[in-house]
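Inside the fold
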Amino acid sequence: MLNTDEYELLAGLGYFHSYNEKDTERMNQVYKYIMMNFTKPISLETIASVAHMTPPAFCSFFKKRAQKSFTRFLNELRTGHACKLLQNEKLSVSDVCYESGYQNFVNFNKHFKQITGKTPSTYRKEFTTIRNF
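One structure accompanies this document, and this report is about it.

Our focus in this paragraph is the packing of helix α4 (residues 70-86) against helix α6 (residues 105-116). Two numbers describe how α4 lies on α6: the axes approach to 10 Å, and their chain directions differ by 90 degrees. When the axis of α4 is compared with that of α6, the two are roughly perpendicular. The residues of α6 that touch α4, namely those facing Arg72, Asn75, Glu76, Thr79, Ala82, Cys83 and Leu86, are Phe108, His111, Phe112, Gln114, Ile115 and Thr116. Looking at the contact of α4 with α6 residue by residue, the classes come out as 6 nonpolar, 5 polar and 2 charged.

If you want it as structure tokens, here you go:
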């Protein structure tokens with residue numbers, strides 16, 4: 001057995017464990033719904049109802065737990081899916097847009113570039129270049 005007086009606290013003395021089983025179950029239901037439906041339109045009212053909350057209460061609840069807004073989370077999920085779909089050259093960029101859950105090409109391009117730093121076409125070209133190298 002090892003004895004030592006040297007240690008470092010992992011949390012401050014004022015740390016309070018805020019685990020709440022009801023909130024955890026609520027977030028699990030929200031994540032499950034999002035994962036099953038992110039390729040379709042998801043309104044704030046719909047996702048708030050999944051959590052049995054009003055839209056303003058849901059926005060605060062989600063941001064506190066996910067560390068980002070619901071909209072940002074959904075756009076990142078859709079963009080990640082689009083990145084995977086863009087690797088299939090048989091799909092047009094327009095097809096990828098709609099299969100990723102975006103309702104119009106302008107928003108798709110805007111959010112894709114905002115999240116990845118490049119357009120969907122540039123992403124595809126770079127991926128194709130790397131794959132063929």
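Nonpolar side chains tend toward joint burial in soluble globular proteins. Within the largest apolar cluster, 17 residues are counted, with the highest numbers of intra-cluster contacts made by Val30, Ile34, Ile47, Phe58, Phe62, Phe70 and Leu74. Counting residues per element, the ones that place at least two in this core are α1 (21-37), α2 (44-50), α3 (55-66) and α4. When neighbours within four sequence positions are excluded, phenylalanine 70 is seen to be in contact with Ile34, Ile42, Leu44, Ile47, Phe58 and Phe62. Among the nonpolar cores identified, the runner-up in size contains 12 residues, and Ala82, Leu91, Phe108 and Phe112 belong to it.

Moving on, we come to α3. Between the first and last C-alpha of α3 there are 16 Å, a value that for 12 residues agrees with the 16 Å anticipated at 1.5 Å per step. By the burial criterion, the buried members of α3 are Phe58, Phe61, Phe62 and Ala66. Buried residues of α3 fall within an arc of 105 degrees about the axis and therefore sit on the same side. Residues of α3 that are exposed and point over 90 degrees away from its buried face: Pro56, Ser60 and Lys64. The inward-facing, buried residues of α3 contact α1, α2 and α4. Just beyond α3, the residue with positive phi is glutamine 67, at close to 65 degrees.

What counts, and where the lines are drawn
Residues numbered from 1 in each chain as written. Predicted model: local features only at pLDDT ≥ 70, side-chain atom pairs only at ≥ 80, totals over all residues. Heavy atoms only, no water. Axes fitted to C-alpha atoms, helices over the stretch in contact; angles between N-to-C directions. Helix = DSSP H or I, 4+ residues; strand = E, 2+ residues; numbered from the N terminus. Parallel < 35°, antiparallel > 145°, perpendicular 65-115°, else oblique. Contact = heavy atoms within 4.5 Å. Nonpolar A, V, L, I, M, F, W, Y, C, P; charged D, E, K, R; others polar. Core = buried A, V, L, I, M, F, W, Y, C linked by side-chain atoms within 4.5 Å. Buried < 20%, exposed > 50% of the residue type's maximum accessible area, 1.4 Å probe, protein only. Expected span 1.5 Å × (residues − 1). Arc of directions from axis to C-beta.

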